[in-house]
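Each chain, letter by letter, is given below.
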Amino acid sequence: MAKRKSDDFLTKCTDEDTKVTLKNAGVKLLKGFYELWKKQELCDVIIKTNGESIPAHRAVLVISCDYFRAMFSMGFEESQQQIAEISLDEVTPEAVRAVLCYIYTGNLTVTKNTIQDLVVLTDLLQLADLKLQCCQFMAREISASNCLGVWEFSEKFSCCELETNSLAMVKQRFPVICQMDEFLALTYNRLIKILQFEDLYLGCEGEGTVLKSVFNWLEHHHQERVGHMADIIKFVRLKSVDKEIIEQLMKCSLCEKYPELRQIIETQLVAEGPDNAREAVRYMYVMGGYTQSRTGPLCPRTKRVERFNLDSQHWQTVADLPILASGVHAFEVHGRLICTAFELIHYRSQEQDIEREVRLEGIYEYDILQDRWKDATDYFSPDTIQCLHNCLMNSGSIAVCPKTNKVYTVTDREVNCISVELDDGDIFCKTVEKLPNIQTFVEESHSCHVAVVCDEVLYVFGGEVRVSQSEVYSTASGYKFDPRYNTWLPIRDMLEPRSKCDVVELGGYIYLVGGFNLCRLKSVERYDPITDQWSKVASMAVERSHHKAVVYKNKICAIGGKSYSARNGGGARRTVHTSEIYDPELDQWTMLPTMTQARCLHGAVVF
């Protein structure tokens, strides 16, 4: 019988097999299952959660999740059911649907309302990678109002990074957090853990903040907590607390109800042994600025932000500013780093062949936990935003009172006070209180002065007076605002006229650092508000104007600015990346490691 040609073909094919590949077969298969799931066809699993039934496919669950693989392969009751029923009442139906959608498609929708249930569910289903991503989302939403709850939640579900971030927020914003209801509801053990932290940031009142928080906690449900008094008070560094705060608390209603509390405090105050103050981890942040000595609207600027650690003597670059700022000022209020900035953009209109200028304004908050800048506009009313930006645009000065968290803006046209209030851990600034103008400033077209708050009193120093376009001179005048009479009072003139300098308060004294008076200055002088007297202190190593000065660990840092190219104070002007630090006890300046970026007219703050 003759062979068919097809037989010869099959014989030849057996010698060398051919593999046929269907591209994207896995994707098409998963997509097919997803379409079946949406239509609820051929489902053989029912997940019941809080009164709702959600269908799914056993094969998809087994392939995607170890929890379901174990359930259906190790003889559990569900594996014997034709239509398996699984109860997940620990979480909401929205969370179950979101995780099922992820299993079928690889996409997960996360919201603030579902995030906690998603962490609980992914922990239960042993979806470790997905749980980690949910925890990272949750970490981005940590705030003063929820960090204590997040801390407890993260411990319960073994979210290590989330626990670290929540405790970092507790340490960073303790003066705010200890005033909240969530703090009063803390268990004894959690309170003790917080009181043991060596690096709590305590604000202006220092350890007094801790003592006040303990009194508030004890008074809340005092009948249940009175037995913990002795154990809790020993974790307060009483020797570091201001005597006025102790005397004030010793007269409070809690001490009247429980005289033994007064005895506990008195005994601990005279006890021997070291009682070192806590020291929070703080950095010196420097942001934005011009990179060359020319500082017009078309001159080069930088978005770069870097921070300095005095202990490690190390500069570190962090997240850039959102805009290429032409003017920037940074300050801290209620434990939050706020930066107000504007950017001038020049362009030529091709239609009209004229130059135009656009001003971009912004207010931002730096999130130290996530290393990112967030839009903080919602915290401020339009009036307060305009007040801050007008001050920057008109070469005015911005000063913050650490005790009251009031922000002052001073220009030759107006003086304003912005009160920064708290609402459930968040800040809000809604009203601007107009203060009387400094009449001399109005008459002389004054600018480039500096302002500072000392003992809740606002002071303004120096600046330049513009007589004409070509005639400008620096002034040595100073003023303070007297709230009792709602007026400005002149104070003794500085030893030397100066503008474009910077000012800080340290130890009850006011220090004027560097500046400009016909030439750039390295001189520094100190003002005593009690005696109304000025005195010279050690000069800087570098002449500086358009720089920044901040107080860091009870010392003064002078950062960047404009200087000269020659060491003897001559030569062309240039922008510097040098910084130096002043020790008031030694009356001595010491150079610090250089910044990564030379800059002037920048922002700086310790946070």
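Residues numbered from 1 in each chain as written. Predicted model: local features only at pLDDT ≥ 70, side-chain atom pairs only at ≥ 80, totals over all residues. Heavy atoms only, no water.

1. Brief notes about the pairing of strand 3 (residues 84-87)
- Alternating residues of strand 3 divide into Ala84 and Ile86, all buried, and Glu85 and Ser87, none buried.
- The pairing of strand 1 (residues 45-49) with strand 3 spans four bridges and is classified as parallel. Within strand 3, the position partnered with valine 45 by the bridge is alanine 84. (Buried < 20%, exposed > 50% of the residue type's maximum accessible area, 1.4 Å probe, protein only. Helix = DSSP H or I, 4+ residues; strand = E, 2+ residues; numbered from the N terminus. Pairing = 2+ DSSP bridges.)

2. Here we look at the sheet that holds strand 1
- An order of 2-1-3 is seen for the three strands of this open sheet, with the pairing classed as mixed. Only two strands of the sheet have a single neighbouring strand rather than two, namely strand 2 (52-56) and strand 3. With strand direction ignored, the average angle separating the axes of adjacent strands in the sheet is 25°.
- Taken strand by strand, helix 4 (residues 66-73) contacts strand 1 and strand 3, and its axis lies near 130° from that of strand 3.
- Along the sheet, helix 6 (residues 93-105) makes contact with strand 1 and strand 2, crossing strand 2 at roughly 5°. (Axes fitted to C-alpha atoms, helices over the stretch in contact; angles between N-to-C directions. Contact = heavy atoms within 4.5 Å.)

3. Description of unusual backbone geometry
- Backbone geometry at glutamine 313 places phi at a positive 55°, although glycine is not the residue there.
- One can find glutamine 313 in the loop between strand 5 (305-309) and strand 6 (314-318).
- A relative accessible area of 38% places glutamine 313 in the partly exposed class.

4. What to know about the environment of histidine 602
- Topologically, histidine 602 is positioned in the loop between strand 33 (588-592) and strand 34 (603-606).
- For histidine 602, a relative accessible area of 1% translates into the label buried.
- Spatially, the C-alpha atom of histidine 602 lies 7.2 Å from that of histidine 547, the residues being 55 residues apart in sequence.
- Once residues lying within four places of it in the same chain are set aside, the contact partners of histidine 602 are Val286, Met287, Gly288, Gly289, Val328, His546, His547, Lys548, Ile559, Gly560 and Gly561.
- At 3.1 Å, the side chain of histidine 602 forms a polar contact with the backbone oxygen of isoleucine 559. (Polar contact = N/O pair within 3.5 Å; in protein donor to acceptor, adjacent residues only side chain to side chain.)

5. Some details on the sheet that holds strand 21 (residues 472-474)
- What the three strands build is an open sheet, ordered 17-20-21; its pairing is antiparallel. Strand pairing shows two members of the sheet lacking a second neighbour, strand 17 (446-447) and strand 21, which therefore form its edges.
- Pairing between strand 20 (residues 464-466) and strand 21: three bridges, direction antiparallel. Its bridge partner being in strand 21, glutamate 464 is matched across the sheet by serine 474.

6. A short note on the packing of aromatic side chains
- This model, assessed by the stated rule, comprises 19 aromatic pairs.
- With centroids separated by 5.1 Å and ring planes inclined at 40°, the aromatic side chains of tyrosine 582 and tryptophan 589 adopt a geometry described as tilted. As far as the burial class goes, tyrosine 582 and tryptophan 589 line up, both buried.
- An aromatic cluster is defined as three or more aromatic residues linked by ring pairs; in this entry it consists of Tyr283, Tyr285, Tyr366, Trp373 and Phe607. (Phe/Tyr/Trp six-rings, centres within 6.5 Å; stacked < 30°, edge-to-face > 60°.)

7. A few points about the pairing of strand 6
- Bridging between strand 5 and strand 6 involves five bridges; their strand directions are antiparallel. Looking across to strand 6, one finds that valine 305 is bridged to valine 318.
- Hairpin connection of strand 5 to strand 6: four residues between the antiparallel strands, including glutamine 313 at a positive phi of 55°.

8. Remarks on the pattern of salt bridges
- Per the counting criterion, the structure on display carries 32 salt bridges.
- The partner of glutamate 52 in a salt bridge is arginine 97, and the shortest N-O contact between them spans 2.3 Å. Remark: arginine 97 occurs in helix 6 and glutamate 52 occurs in strand 2; sequence separation between them is 45 residues.
- Arginine 97 sits in the partly exposed class, given a relative accessible area of 35%.
- Notably, a salt bridge pairs lysine 193 with glutamate 155, separated by 3.7 Å at the nearest N-O pair. Of this pair, lysine 193 sits in helix 13 (residues 188-195) while glutamate 155 sits in helix 9 (residues 147-156), and the two are 38 residues apart along the sequence. (Salt bridge = Lys/Arg side-chain N within 4 Å of Asp/Glu carboxyl O.)

9. Overview of the side chain of aspartate 528
- Looking at where aspartate 528 falls in the secondary structure, it is placed in strand 26 (residues 519-528).
- Of the side chains with opposite charge, arginine 526 lies nearest to the buried aspartate 528, which makes no salt bridge, at 6.9 Å.
- Reaching out from aspartate 528, the side chain makes a polar contact with the backbone nitrogen of isoleucine 530 at a distance of 2.9 Å.
- Those residues in contact with aspartate 528, other than ones at most four positions away along the chain, are Tyr509 and Gln533. (Lys, Arg positive; Asp, Glu negative; His and termini not counted.)

10. Quick look at the packing of helix 9 against helix 13
- Packing of helix 9 against helix 13 leaves a shortest axis separation of 13 Å and a crossing angle of 105°. Comparing the axis directions of helix 9 and helix 13 gives the class roughly perpendicular. Counted together, Leu148, Trp151, Glu152 and Glu155 of helix 9 and Arg190, Lys193 and Ile194 of helix 13 form the full contact between these two elements.
- Looking at the contact of helix 9 with helix 13, its residues break down into three nonpolar, no polar and four charged. (Parallel < 35°, antiparallel > 145°, perpendicular 65-115°, else oblique. Nonpolar A, V, L, I, M, F, W, Y, C, P; charged D, E, K, R; others polar.)

11. Structural notes on the packing of helix 9 against helix 10 (residues 160-172)
- At their nearest, the axes of helix 9 and helix 10 sit 8 Å apart, and the two run at 155° to each other. If you check the angle between helix 9 and helix 10, you find them roughly antiparallel. Helix-helix and strand crossings are classified by hand; for helix 9 and helix 10 the assignment is left-handed. On helix 10, the residues touching Cys147, Leu148, Val150, Trp151, Phe153, Ser154 and Glu155 of helix 9 are Leu162, Glu163, Ser166, Leu167, Met169 and Val170.
- Split into classes, the residues belonging to the contact of helix 9 with helix 10 amount to nine nonpolar, two polar and two charged. (Left-handed = near helix turned anticlockwise from the far one by under 90°.)

12. A look at helix 14 (residues 207-219)
- Its 13 residues give helix 14 an end-to-end C-alpha distance of 19 Å, which sits within 8% of 18 Å, the value for a rise of 1.5 Å per residue.
- With respect to burial, helix 14 is a largely interior element, 10 of its 13 residues being buried.
- Turning to helix 14, its buried residues are Glu207, Gly208, Thr209, Val210, Leu211, Ser213, Val214, Phe215, Trp217 and Leu218.
- Positive backbone phi, at 60°, marks histidine 221, one or two positions downstream of helix 14. (Expected span 1.5 Å × (residues − 1).)

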